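One letter stands for each residue in the lines below.
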Amino acid sequence: MTSQPIILSIIIISHNQKNELKRCVDSVLAQNIPFEYEIILSDDRSDDGTFELAKEYEIRFPNIIKASQCNSDVCNPANNSQRSGWNRCNGYKLATGKYIAHVDADDYFIEGSHIYQRQVEMLEKHPECSLCMQNVWILTEGDPIETGREWGPQSRFDDGRIISAEEFIKGDYFILNQAFIQRRNPNSDPTALYGKRYVDSIITYHHLLFGPIVCVDACDYIYMKHPDAVTTSMKLNDITV
């Protein structure tokens, strides 16, 4: 029996986030995605049982989940962003899907979400587009979900709206890459191009080289902020342009 091609590769990166990883993976599995997909759990140097949990998921879902571990120390990272970039590279090398999604282990999806089905269907409908974008709900870890806020006005995310690279940049439409799924370009390996710099904004702008963005009217991705994060504690006068 010939196996069906993978339509979507979902790459989830982690580092010492055992509890958060469970929440994240369970929220993806709950989507009941109606086509062939894979979840790649790429862990960086965890020593709290996160990778062991990833291996447990691989055993439970051997046809869906792959677990892998890397050590970002080998790339001489200048900061945690480069560590996450290296981790994403590790996951990307295992991905075989037509479309790619990136997720951080401390984030998750709202209950009842079918966002990946919607995004894939939208990209199938619009082969000229390289990315499909939804909105993001920003929430501080530990706070009730209703206390969060939208990343951008929901009016930007009308179903089927096409946004060019020029409009995305000049209109200040930037949103974290986890809001997207992107169409894999078989002629360009971004991990070979960027290595440890394969990070949030680079992923988005790389894929914008190959086509515009199409939107879905949804805000299903929960982006978790942390009180002790650098960007949370940063004051306005600490930011230089």
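Up top is the structure.
What you see is a predicted model, and the numbers here were worked out from it, not measured in a lab.

Can you help me understand the side chain of Ser46 in this one?
Relative to the assigned elements, Ser46 resides in the loop between strand E2 (37-44) and helix H2 (50-60). At a separation of 2.5 Å, a polar atom in the side chain of Ser46 contacts the main-chain amide nitrogen of Asn16. Polar side-chain contacts of Ser46 include one of 2.6 Å to the side chain of Asp43. Once residues within four sequence positions are removed from consideration, Ser46 is found in contact with Ser14, His15, Asn16, Phe51 and Gln69.

Honestly, the nonpolar core in this entry has me stumped. Any pointers?
Soluble globular proteins tend to bury their nonpolar side chains together. With 50 residues, the main nonpolar core has Ile10, Ile12 and Tyr116 as its most contacted residues. Residues within four places of Tyr116 in sequence aside, it is in contact with Leu8, Ile10, Gln31, Ile33, Phe35, Ala101, Val103, Phe109 and Ile181.

Help me understand the state of the cysteines in this model?
In protein structure, a disulfide is the covalent linkage between the sulfur atoms of two cysteines. Summed over the entire model, instances satisfying the criterion amount to zero disulfides. In this model Cys89 remains outside any disulfide bridge; the closest cysteine sulfur is found in Cys75, 8.6 Å from its own.

Whenever I open this one, H2 confuses me. Can you help?
Helical geometry note: an α-helix holds 3.6 residues per turn, so side chains three or four residues apart project in the same direction. Residues of H2 that are buried include every one of Thr50, Phe51, Leu53, Ala54 and Tyr57, and no others. Relative to the axis of H2, the buried residues are bounded by an arc of 155° and lie together on one face. For H2, the secondary structure elements touched by its buried residues are strand E1 (8-14), helix H1 (18-29), E2 and strand E3 (65-70).

In this structure, what is going on with the side chain of Ser42? I would like to understand it.
As for its position among the elements, Ser42 is in strand E2. The class for Ser42 is buried, based on a relative accessible area of 0%. Once you skip the residues sitting within four places of it in the chain, Ser42 turns out to touch Ile12, Ile13, Ser14, Ser68, Asn87, Asn90 and Gly91.

Please clarify how the sheet that holds strand E8 (residues 149-150) should be interpreted in this entry.
Remark on secondary structure: sheet strands pair via backbone hydrogen bonds, oriented parallel or antiparallel. Spatially, four strands are ordered E5-E12-E7-E8 in an open sheet, and the strand pairing comes out mixed. Edge strands, defined here as strands with exactly one partner in the open sheet, are strand E5 (108-109) and E8. When E5 meets strand E12 (residues 221-225), the two strands line up antiparallel, connected through two bridges. Note on E12: the bridge partner recorded for Tyr108 is Ile222.

Cut-offs applied
- Residues numbered from 1 in each chain as written.
- Predicted model: local features only at pLDDT ≥ 70, side-chain atom pairs only at ≥ 80, totals over all residues.
- Heavy atoms only, no water.
- Helix = DSSP H or I, 4+ residues; strand = E, 2+ residues; numbered from the N terminus.
- Polar contact = N/O pair within 3.5 Å; in protein donor to acceptor, adjacent residues only side chain to side chain.
- Contact = heavy atoms within 4.5 Å.
- Core = buried A, V, L, I, M, F, W, Y, C linked by side-chain atoms within 4.5 Å.
- Buried < 20%, exposed > 50% of the residue type's maximum accessible area, 1.4 Å probe, protein only.
- Disulfide = S-S within 2.5 Å.
- Arc of directions from axis to C-beta.
- Pairing = 2+ DSSP bridges.

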